[in-house]
Amino acid sequence: MRRRLRKWFCLILSLLLVLGTLTACSQSPEKTGNNGVAGNSGKEEAGIYDGIEPLETETELNFGYLTGSHHGMIIYMIDKMGGYEKAGIRANIETFGNGPVMVEAMASDSWDCGTIGLGGVLTGVISQDMVVIGAAARDYDSLRIFAKNDSDVVSAGNTLKDYPGIYGTADTWKGKEILIPTGSTLHYVLSTGLSKFGLSDTDVAMTHMDVPGINTALRANKGEIGALWGSFTYADEMKENYTVVMSANDLGIELPTVMCANPRSYEDPAKYKAIKKWMELYFATVDWIYSSEEHFDKAVEMFTEINEEAGATGTLEENRTVLENNRHYSLSDNVKLFNEKTEDGSMLLIEAMHNDPLLFYIKNGSYQKGDDTKLLGGYFKADIINEIAAMKE
């Protein structure tokens, strides 16, 4: 009898332990960060994507974006916050060093859609019929060209009355080796800056490098002048040893980064629906970021996380500065840019933001006459933007 009681006691004790464990689990959910975003898995719990209907059929999308880019970080955030899973998208994400390299990968259908800057747009549209489907983020403040503090470009000071933020003279710039991703937005900034001194690209020696590589070289004192973008430009180490001698802001250059699509993916009905769903997720994420200070802080944390994973290290404050000075475009911004035209009615506002730099490149010999006609041949498409806007009405 005693043995039987002991057996029942052990069984009851075991059941109580199991129930206690289950109760503890139900009362202690996965630790979450601010705003309901799970701290460990990063999955979305705050309803960011509640208003987005999932695809009827799960679809695979391959995304491309540039390492360390603030426009590309939204692609990453959607993944971390469970947006793709919720929307029925199987996401594969790949990063590239610069726009032209990303465009080269499109030729082999390595990506369906993504975000890219000026250099990628011009190369992609002109050479491979890439489609521009949305404006992603402003790209003004962090496009900067640095020179060593002891460079004669720096010691010459600000010599241009109309451009007080630009350093040097024609003589100090001539013959300089400049580390730069050619064909990129930084190339355009350099070309524009040189023109203010009456110089062209042929007056300097451009050494093509990806921005992460340039950042590494400058920090190792292996280059006198180099071009950087994104969080790289706000690093304290750069401020200590280098001076910003040209920037898009100081030259009055306003450039957008864009959402783009492989033309073959854009024409595929299933891929088109998935790309549209991605853009819905993108705008929902942008709205969430700017809806509160807490959300913005979380976005800064995630931007820092993505940079660390990609080897583009930067502090929270550096990445905060990037996002503060280069805001993402909202859906309403996109409706305007992709539907309203310039004063003369010749092109869409978003087309003009790319055509003006292209005309400059053509004048400098980097592109050919007629490339501007190709650029304005209907590759900036408002279809998805307008469809999403109509859903919101």
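This text gives an overview of the structure that appears in the document. Each chain has its residues counted from 1, following the order in which its sequence is written. Reporting of local features is limited, given that this is a predicted model, to residues whose pLDDT is at least 70; pairs of side-chain atoms are given and counted only at 80 or more, and all residues count toward the totals for whole chains, interfaces and linings. The side-chain figures draw on all heavy atoms in the structure; neither hydrogens nor water molecules are used.

**Quick look at the side chain of Thr 115**
Take Thr 115: it is sitting in strand β3 (residues 113-116). Only protein chains enter the calculation, and the probe is 1.4 Å; a residue is then buried if its accessible area is under 20% of its type maximum, exposed if over 50%, and partly exposed in between. Thr 115 sits in the buried class, given a relative accessible area of 0%. Looking at Thr 115, its side chain comes within polar contact range of the side chain of His 71, at 2.8 Å. Strands here mean DSSP runs of E at least two residues long; helices mean DSSP runs of H or I at least four residues long; both are numbered from the N terminus. What qualifies as a polar contact is a pair of N or O atoms within 3.5 Å, subject to a donor-acceptor requirement within protein and to the restriction that residues adjacent in sequence count only when both atoms come from side chains.

**Brief notes about unusual backbone geometry**
One non-glycine residue with positive phi stands out, namely Asp 129, at about 60°. Its identity is not glycine, yet Asn 221 carries a phi of approximately 60°, on the positive side. Topologically, Asn 221 is positioned in the loop between α9 (211-219) and β8 (225-228). Classification of Asn 221 by relative accessible area gives partly exposed; the value is 46%.

**Considerations on empty space enclosed by the protein**
Here a cavity denotes a set of grid points, spaced 1 Å apart and computed over the protein atoms alone, in which a 1.4 Å probe fits but from which it cannot get out, and a pocket denotes an open set meeting protein on both sides within 12 Å along at least five of seven lines; residues with an atom within 4 Å of a point are reported as lining. Grid points are joined across faces, edges and corners, and a volume is the space filled by probe spheres set on the points. The final tally for this structure, using the stated rule, is 2 cavities of 30 Å³ or more. In this structure, the largest cavity encloses a volume near 80 Å³. Every residue along the wall of the largest cavity is listed here: Leu 66, Gly 68, Ser 69, His 70, His 71, Gly 117, Asp 139, Ser 142, Thr 185, Trp 229, Gly 230 and Thr 257. Looking at the lining of the largest cavity residue by residue, the class counts come to 2 nonpolar, 9 polar and 1 charged. The calculated volume of the second largest cavity comes to roughly 40 Å³. In terms of lining, the second largest cavity is formed by Leu 66, Gly 99, Pro 100, Gly 117, Leu 118, Gly 119, Gly 120, Ser 184, Thr 185 and Trp 229. Residue assignment for the lining of the second largest cavity shows that the elements contributing at least two residues are α4 (99-106) and α5 (118-128). Among the elements that line the lining of the second largest cavity, the one with the most residues is α5, at 3 residues. When residues are sorted by character, Ala, Val, Leu, Ile, Met, Phe, Trp, Tyr, Cys and Pro go into the nonpolar class, Asp, Glu, Lys and Arg into the charged class, and all the rest, Gly among them, into the polar class.

**Some points on the nonpolar core**
Residues Ile 145 and Trp 173 are the most contacted members of the largest nonpolar core, which totals 72 residues. The element contributing the most residues to this core is helix α16 (residues 349-364), with 6 residues. Counting 49 residues, the second-largest nonpolar core is a separate cluster that includes Ile 74, Ile 78, Met 279 and Tyr 282. Here the nonpolar core consists of buried residues drawn from Ala, Val, Leu, Ile, Met, Phe, Trp, Tyr and Cys, with membership extended through side-chain atoms lying within 4.5 Å.

**Observations concerning the pairing of strand β4 (residues 131-138)**
The buried count for β4 comes to 7 of 8 residues, which makes it a mostly enclosed element. Direction of pairing for β4 relative to strand β10 (residues 256-261): antiparallel, over a ladder of 6 bridges. Bridging across to β10, Val 132 finds its partner in Cys 260. Between any two strands, pairing holds if DSSP finds at least two bridges.

Any link to function would need more than the numbers given here.
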